[in-house]
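Listed below, chain by chain, are the residues.
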Amino acid sequence: DAGVTQSPTHLIKTRGQQVTLRCSPKSGHDTVSWYQQALGQGPQFIFQYYEEEERQRGNFPDRFSGHQFPNYSSELNVNALLLGDSALYLCASSATLTNIQYFGAGTRLSVL
Amino acid sequence: AQSVTQLGSHVSVSEGALVLLRCNYSSSVPPYLFWYVQYPNQGLQLLLKYTSAATLVKGINGFEAEFKKSETSFHLTKPSAHMSDAAEYFCAVSYGGATNKLIFGTGTLLAVQP
């Protein structure tokens, strides 16, 4: 049983560009959450998707947007990249009755 | 605002010694509480969780944590450290449901000396 998978593993972009990160949840999970982990910090909640809709959102600007597909996979899009967007982006999946969020290995984004 | 405080960004212990990593949360509403471990260049792995059942929670790899409501604490312990325990540890809380957004502390980097 595959866990949470994220792609790509690493990404290098320049300021002003746009990026799309992808996440496939653990089998049987219908909820996907995204977190940003800056170097030396704890993860910060970006948003959560359930039934293809954004259910919760953290304190991130509108440049951060997402999508969930009918197969529960999800994308995180970041527009107009800033140097400060450089971080490890983590995806977590969960199901209503599991009480646990399972994390993927993350995508490390570097903005130059 | 709801927050999580982890005292000690770096903790160093000798192999075989007691591990104690501290976590306090700020809320009068009982939260769901979690400890996650992160090895270098990897994602987060759940060690244990408290979801309003027994206050002493046992997790994987010999770790356990005790929920103390009066102290708003959820400290992580392990009786005897192993070299493989060297990693970063994060305490996290959620409110209104264990699969709601997680609020993380800033992490504690555990070093284990031979």
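The text that follows walks through the structure, step by step, so that each part is easy to find. (Residues numbered from 1 in each chain as written. Chains lettered and ligands numbered in written order. Predicted model: local features only at pLDDT ≥ 70, side-chain atom pairs only at ≥ 80, totals over all residues. Heavy atoms only, no water.)

### Brief notes about the interface of chain B and chain A
- Contacts between the two partners involve 17 residues from chain B and, on the opposite side, 20 residues from chain A.
- There are zero salt bridges connecting chain B and chain A.
- At the boundary of chain B and chain A, one finds five residue pairs in polar contact (both at pLDDT 80 or more).
- Elements with a contribution of two residues or more to the side of chain B that touches chain A: strand 5 (32-38) and strand 6 (44-50) of chain B.
- A class-by-class count of the residues in the side of chain B that touches chain A yields eight nonpolar, seven polar and two charged. (Contact = heavy atoms within 4.5 Å. Salt bridge = Lys/Arg side-chain N within 4 Å of Asp/Glu carboxyl O. Polar contact = N/O pair within 3.5 Å; in protein donor to acceptor, adjacent residues only side chain to side chain. Helix = DSSP H or I, 4+ residues; strand = E, 2+ residues; numbered from the N terminus. Nonpolar A, V, L, I, M, F, W, Y, C, P; charged D, E, K, R; others polar.)

### Details of the pattern of salt bridges
All names here are of chain A.
- Counting across every chain of the model gives five salt bridges over all chains.
- The salt bridge partner of D85 is R63, with a shortest N-O separation of 2.9 Å. A residue pair is termed long-range when its members are at least 10 positions apart, and D85 in the loop between strand 8 (74-78) and strand 9 (87-94) and R63 in the loop between strand 6 (53-57) and strand 7 (64-68) qualify at 22 residues.

### As for the nonpolar core
All names here are of chain B.
- Ranked by internal contacts, the top residues of the largest apolar core, which has 27 residues, are W35, L47, L48, F74, L76 and Y89.
- For this core, the secondary structure elements donating two or more residues are strand 3 (19-21), strand 5, strand 6, strand 8 (64-68), strand 9 (73-78), strand 10 (87-94) and strand 12 (108-113).
- Residue contributions to this core peak at four residues, all from strand 10.
- Discounting residues that sit within four places of it in the chain, Y89 has contacts with Q6, L21, W35, Y36, V37, L47, F63, L76, G107, T108 and L110. (Core = buried A, V, L, I, M, F, W, Y, C linked by side-chain atoms within 4.5 Å. Buried < 20%, exposed > 50% of the residue type's maximum accessible area, 1.4 Å probe, protein only.)

### Remarks on the environment of Q44 of chain A
Residues and elements named next belong to chain A.
- By the element assignment, Q44 lies in strand 5 (residues 44-50).
- Taking relative accessible area as the criterion, Q44 reaches 44% and is therefore assigned partly exposed.
- Each C-alpha atom, one on Q44 and one on G58, is 7.9 Å from the other, the two residues being 14 residues apart in sequence.
- Those residues in contact with Q44 that sit more than four places away from it in its chain are W34, Y35, Q36 and F60.

### Regarding the state of the cysteines
All names here are of chain A.
- Within this structure, the stated rule accounts for two disulfides over all chains.
- Disulfide pairing is shown between C23 and C91; the S-S distance is 1.8 Å. For the disulfide bridge between C23 and C91, the dihedral angle about the S-S bond is near -60°, and by the sign convention the bridge is left-handed. Of this pair, C23 sits in strand 3 (residues 19-24) while C91 sits in strand 9, placing them 68 residues apart in sequence. Summarising the burial analysis for this pair, C23 and C91 share the class buried. (Disulfide = S-S within 2.5 Å.)

### Topic: the pairing of strand 6 of chain B
Residues and elements named next belong to chain B.
- As paired elements, strand 5 and strand 6 share six bridges and run antiparallel to each other. Within strand 6, the position partnered with L33 by the bridge is Y50.
- Linking strand 5 back to strand 6 in an antiparallel pair, the connection comprises five residues, with N41 at a positive phi of about 60°. (Pairing = 2+ DSSP bridges.)

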